[in-house]
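Here's the letter readout for the chains.
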Amino acid sequence: MTMKATIKKTILFLGLLPISISAFSQCEIQNRIYPDGSMFYYIEPVNFYWTESKELKGGVETDKENYFLALRPSPFPEKPAGNKLKDDLELKLSNDSIYRLGHFDTRYMEHDTVMQMLIS
């Protein structure tokens, strides 16, 4: 193989590499504009934990200044009890590490069929 052929193949490979990487991304960034005009960027929630009776989904939301972990437990408490959830969240990992995450907001969405907690 000549040097010219090798260089052409290398350039072709490097040119197609960014296309192939972007075509197989792991998540798609969505955006939402709120009534006050502010824009939030987010990824669709993915399963963190699930059993036959319980499920915890989560994703990331940001306004490009603050980043939040958006948790969606199922089943979740009814609206009056869920709105009282104001405490910080402690996560205990399988290696016995404990992380304390600050509570930011609890909201009910999609006609109260989803409860989402924003944790910072």
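Each remark here, short or long, concerns the structure printed above.
Attention in this report is confined to the structure presented alongside it. (Residues numbered from 1 in each chain as written. Predicted model: local features only at pLDDT ≥ 70, side-chain atom pairs only at ≥ 80, totals over all residues. Heavy atoms only, no water.)

### Re the pairing of strand 9 (residues 114-119)
Piece 1. Among the 6 residues that make up strand 9, 6 are buried, leaving the element largely enclosed by the rest of the structure.
Piece 2. One ladder, built from 3 bridges, connects strand 5 (residues 67-74) with strand 9; its direction is antiparallel. Looking at strand 9, one finds that Leu71 is bridged to Met117.
Piece 3. Bridge analysis of strand 8 (residues 103-109) against strand 9 gives 6 bridges, and the strand direction is antiparallel. Pairing of Met109 across the sheet is with Val114, part of strand 9. (Buried < 20%, exposed > 50% of the residue type's maximum accessible area, 1.4 Å probe, protein only. Helix = DSSP H or I, 4+ residues; strand = E, 2+ residues; numbered from the N terminus. Pairing = 2+ DSSP bridges.)

### What to know about the environment of Arg32
Piece 1. Residue position: Arg32 is located in strand 1 (residues 29-33).
Piece 2. Residues within four places of Arg32 in sequence aside, it is in contact with Ser38, Met39, Phe40, Tyr42 and Glu61.
Piece 3. A distance of 3.1 Å separates the side chain of Arg32 from the side chain of Tyr34, its partner in a polar contact. (Contact = heavy atoms within 4.5 Å. Polar contact = N/O pair within 3.5 Å; in protein donor to acceptor, adjacent residues only side chain to side chain.)

### Some points on the pairing of strand 8
Piece 1. For strand 8, the tally of buried residues reaches 5 of 7 residues, placing the bulk of the element in the interior.
Piece 2. Connecting the antiparallel pair strand 8 and strand 9 is a turn made up of 4 residues, with Glu110 showing a positive phi of about 50°.

Keep in mind that these numbers describe shape and distance, not what the molecule does.
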